[in-house]
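Analysis of the macromolecular model
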Amino acid sequence: QGDVARGDADAMYNLAQAYKWGKGVKQDMAKAEELYGKAATLGHLQASDSYGLFLFQRGQRLQALPYIRAAADRGDPRAQYLLGLAHYNGENVQRDPVRAYALVSLAQQQGLEAAQTALTQMDKYLPMDQRQQAVALAAQLQSDADSTRARQLAAVDLGATVSSTPPGTAEADG
């Protein structure tokens, strides 16, 4: 844990994973979340994604939203699905059924089973023209996600700090 004490984001992420899954340590979800949060503030992308999902699952959806959005922007299927549902329902974001369908479609294309169920439901309520708009938007979102992910991963490889903690969050501010 020396690397963790020295503020090594990779070490924090790895230890968070160990606590999450109970590998080599007693499973402790609160400790895992804490470590994901600390690593996220240091710019660790995977930790940021995991932290956002922890917040969301705990019901802190508004606080999770910037993390979920950032993960979706990188093409994470779980985040795309959650953000898509939020846009479909207008939950903490603008209601946008076309964007919702596009995001959930991208999650489904990556094999997220829950997304297929959601799309089947959306098909009942979205007119064909909106679903066609969603197909075009999904292609653009995928292209944007590929670019964002490549840019952020290249920055990490070069040793640059990547801001994965959304501006205006408590972690970023303090």
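See above for the structure.
Below: a short report on this structure. (Residues numbered from 1 in each chain as written. Predicted model: local features only at pLDDT ≥ 70, side-chain atom pairs only at ≥ 80, totals over all residues. Heavy atoms only, no water.)

Observations concerning the packing of aromatic side chains
- Tallied over the full model, the rule gives three aromatic pairs.
- Between tyrosine 36 and phenylalanine 54, the aromatic rings sit 5.5 Å apart at their centres with planes inclined by 45 degrees, giving tilted as the arrangement. One end of the pair, tyrosine 36, is in helix 3 (residues 29-41); the other, phenylalanine 54, is in helix 4 (residues 45-57), and 18 residues separate them in sequence. Each of the two residues, tyrosine 36 as well as phenylalanine 54, counts as buried.
- When the centroid spacing of 5.2 Å and the interplanar angle of 85 degrees are considered together, the rings of tyrosine 51 and tyrosine 67 count as edge-to-face. On the criterion of sequence distance, the pair formed by tyrosine 51 in helix 4 and tyrosine 67 in helix 5 (residues 61-73) is long-range, its members being 16 residues apart.
- Tyrosine 67 sits in the buried class, given a relative accessible area of 0%.
- Members of the aromatic cluster, joined through ring pairs, are Tyr13, Tyr36 and Phe54.
- Sitting over the face of the ring of tyrosine 88, arginine 95 holds its NZ or CZ atom 5.2 Å from the ring centroid. (Phe/Tyr/Trp six-rings, centres within 6.5 Å; stacked < 30°, edge-to-face > 60°. Helix = DSSP H or I, 4+ residues; strand = E, 2+ residues; numbered from the N terminus. Buried < 20%, exposed > 50% of the residue type's maximum accessible area, 1.4 Å probe, protein only. Lys NZ or Arg CZ within 6 Å of the ring centre and 35° of its normal.)

A look at the packing of helix 7 (residues 97-109) against helix 9 (residues 128-157)
- One can describe the packing of helix 7 onto helix 9 by two numbers: an axis separation of 8 Å at closest approach and a directional angle of 55 degrees. Looking at the two axes, helix 7 sits oblique to helix 9. In this structure, helix 7 crosses over helix 9, and the sense of that crossing is right-handed. Between helix 7 and helix 9, the contacting residues are Pro97, Val98, Arg99, Tyr101, Ala102, Leu103 and Leu106 on the first element and Gln130, Arg131, Gln133, Ala134, Leu137, Ala138, Leu141 and Gln142 on the second.
- The residue inventory of the contact of helix 7 with helix 9, partitioned by class, reads ten nonpolar, three polar and two charged. (Axes fitted to C-alpha atoms, helices over the stretch in contact; angles between N-to-C directions. Parallel < 35°, antiparallel > 145°, perpendicular 65-115°, else oblique. Left-handed = near helix turned anticlockwise from the far one by under 90°. Contact = heavy atoms within 4.5 Å. Nonpolar A, V, L, I, M, F, W, Y, C, P; charged D, E, K, R; others polar.)

Some remarks on the packing of helix 4 against helix 5
- Contact geometry for helix 4 and helix 5: axes closest at 8 Å, N-to-C directions at 145 degrees. Viewed along their axes, helix 4 and helix 5 form a crossing whose handedness is left-handed. Residues Ser48, Asp49, Tyr51, Gly52, Leu53, Leu55 and Phe56 of helix 4 form the contact with helix 5, whose own contacting residues are Arg61, Gln63, Ala64, Tyr67, Ile68 and Ala71.
- Split into classes, the residues belonging to the contact of helix 4 with helix 5 amount to eight nonpolar, three polar and two charged.

Details of the pattern of salt bridges
- This structure, assessed with the given rule, holds nine salt bridges.
- Across the pair aspartate 49 and arginine 74 runs a salt bridge, and its minimum N-O distance is 2.2 Å. Pair noted here: aspartate 49 is in helix 4 and arginine 74 is in the loop between helix 5 and helix 6 (77-89), with a separation of 25 residues, a long-range link. Side by side, aspartate 49 and arginine 74 carry an identical accessibility label, which is buried.
- When the shortest N-O distance is used, the salt bridge between aspartate 146 and arginine 149 registers 2.7 Å. Taken together, the residues span about one helical turn, with aspartate 146 and arginine 149 both in helix 9 at a distance of three residues.
- Given a relative accessible area of 34%, aspartate 146 falls into the partly exposed group.
- Residue arginine 149 is classed as partly exposed on the basis of its relative accessible area, which comes to 30%. (Salt bridge = Lys/Arg side-chain N within 4 Å of Asp/Glu carboxyl O.)

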